[in-house]
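# Examination of the molecular architecture
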Amino acid sequence: MKLAVLWILCLIGCSTAQPKTLQEIYKEADYSVDITITHETFDGQILEGGGAGFVIVHDNQHYILTVAHLKLIPDNSKEIKKILGIFKSSHHPNPEELEVVGYDEDADIMTLKAKDDSFIFKGNAAKLGSSKSLRVGDSVIALGSPLNFRFCLSEGVVMRLNAPSSNFRNNTAYFILHSALINPGSSGGPLLNNFGEVIGINTMVVTRKMTGVTAMSLAIPIDDVKKILPKIIGQ
């Protein structure tokens, strides 16, 4: 009788979530966005840069979450001319012009949205998990557009938590250090757990200009992002 009661309680209260395969995670990642930012220089030249992002839902509205350093204007540029997003979702085959909603340069977080108010995102939005329960050795998956190869996936493990490093404002910040491969173009892409939940935002790599030194990847913990998200969307 006791075993039967325990079995019923487990059915009611125990989590039934199962880890997903890499193929399942990638297939569900409609939310991935390739971002291109065009700058105009003072002498009329056009420069392009960019990275990655992902679609989230906040207060029933769709936004694109990415890193703020993507909007850094080169020294010889006067303004951002255009921001374009290409969605992985098959529902949106054409590039969409985007605009900045808000950002926090110290935290290196930025939100974007479609410039066309009639645009409605029809794919799967990313599910935000929690970075609080991460452990060293946990599997992680990075999505992004490294070196202009759109919508790439790499996998690795958490190497260290609360890793201190200087961010793009030269402030000391604390990151998830992981071994999933990221490169220029990966910045702003999601770092996922093996349930397909976002647990961080990839921001940069740490390396040394020495032969044989392997680059290591840094991600902003998603719990830190959640704390400031209402503020930067409210801007």
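Just so we're clear, the structure is a prediction, and the values are computed from it rather than from any experiment.

Let's shift gears to the overall build of the chain. Looking only at helices and strands, one finds 3 helices and 12 strands in the chain. Within the chain, buried positions represent 45% of all 235 residues. Pairs at least 24 apart in sequence give 62% of the contacts found in the chain among residues at least 6 apart. For the chain, the exposed area adds up to about 13200 Å²; of that, 53% sits on carbon and sulfur atoms.

We now examine the nonpolar core. Proteins that are soluble and globular tend to have nonpolar side chains buried together. Core analysis: the biggest nonpolar cluster contains 42 residues, and Tyr31, Ile35, Phe54, Ile64, Leu65, Ile109 and Ile201 have the highest contact counts within it. At 6 residues, the largest contribution of residues to this core is made by helix H3 (residues 222–234). Leaving out residues up to four positions away in the same chain, Ile35 has contacts with Gly49, Gly50, Gly51, Ala52, Gly53, Ile64, Thr66, Leu70, Ile83, Leu84 and Leu112. One finds Val140, Ile176, Ile182 and Ile199 within the second-largest nonpolar core, a separate group that totals 10 residues.

In this section: the environment of Leu177. Considering the arrangement of structural elements, one finds Leu177 in strand S9 (residues 172–178). For Leu177, a relative accessible area of 13% translates into the label buried. Residues Leu177 and Met216, 39 residues apart in the sequence, show an inter-C-alpha distance of 7.0 Å. Those residues in contact with Leu177 that sit more than four places away from it in its chain are Val157, Val158, Met159, Arg160, Ala163, Met216, Ser217 and Leu218.

Moving on: the pairing of strand S12 (residues 216–221). Moving residue by residue along a regular strand, the side chains alternate between the two faces of the sheet. Counting buried positions along S12 yields 5 of 6 residues, so the element is predominantly enclosed. Here 6 bridges tie strand S11 (residues 198–206) to S12, and the two strands are oriented antiparallel to one another. In the strand pairing of S12, Asn202 is matched with Ala219.

With that settled, the discussion passes to H3. Counted at 1.5 Å a residue, the expected span for H3 with its 13 residues is 18 Å, and the 18 Å between its end C-alpha atoms agrees. At Ile228, H3 shows its maximal kink, close to 45°; a proline, Pro230, follows between one and four residues later. For H3, the full list of buried residues reads Ile222, Asp223, Val225, Ile228, Leu229, Ile232 and Ile233. Against the buried residues of H3 lie strand S2 (46–58), strand S3 (61–66), strand S5 (96–104), strand S6 (109–114), S11 and S12.

Unusually for a residue other than glycine, Asp59 sits at a positive phi of about 50°. For Asp59, the position within the fold is in the loop between S2 and S3. A relative accessible area of 63% means that Asp59 is categorised as exposed.

Structurally, Met159 is set in strand S8 (residues 152–166). Judged by relative accessible area, Met159 falls into the partly exposed class, the value being 34%. Sequence separation between Met159 and Ser179 is 20 residues, and the spatial gap between their C-alpha atoms is 6.7 Å. Leaving out residues up to four positions away in the same chain, Met159 has contacts with Val136, Leu177, His178, Ser179 and Met216.

Right, let's get into the environment of Glu79. Mapped onto the fold, Glu79 is located in strand S4 (residues 77–87). Note on Glu79: relative accessible area 37%, which makes it partly exposed.

This next bit is on the side chain of Asn202. Assignment of secondary structure puts Asn202 in strand S11. Only 3.4 Å separates the side chain of Asn202 from the backbone oxygen of Pro190, close enough to count as a polar contact.

Let's shift gears to the confidence of the model for the chain. Looking at the chain, pLDDT values average 88 and 85% of them are 70 or higher. Scored below 50 in pLDDT, residues 2–15 shows 1 contact in the model against residues more than four places distant or in partner chains.

Cut-offs used in this document
- Residues numbered from 1 in each chain as written.
- Predicted model: local features only at pLDDT ≥ 70, side-chain atom pairs only at ≥ 80, totals over all residues.
- Heavy atoms only, no water.
- Helix = DSSP H or I, 4+ residues; strand = E, 2+ residues; numbered from the N terminus.
- Buried < 20%, exposed > 50% of the residue type's maximum accessible area, 1.4 Å probe, protein only.
- Contact = heavy atoms within 4.5 Å.
- Areas by Shrake-Rupley, 256 points an atom, 1.4 Å probe, with all protein chains shown as cover.
- Core = buried A, V, L, I, M, F, W, Y, C linked by side-chain atoms within 4.5 Å.
- Pairing = 2+ DSSP bridges.
- Expected span 1.5 Å × (residues − 1).
- Bend = angle between axes of the 7 residues up to and from the residue.
- Polar contact = N/O pair within 3.5 Å; in protein donor to acceptor, adjacent residues only side chain to side chain.
- pLDDT = per-residue confidence, 0-100.

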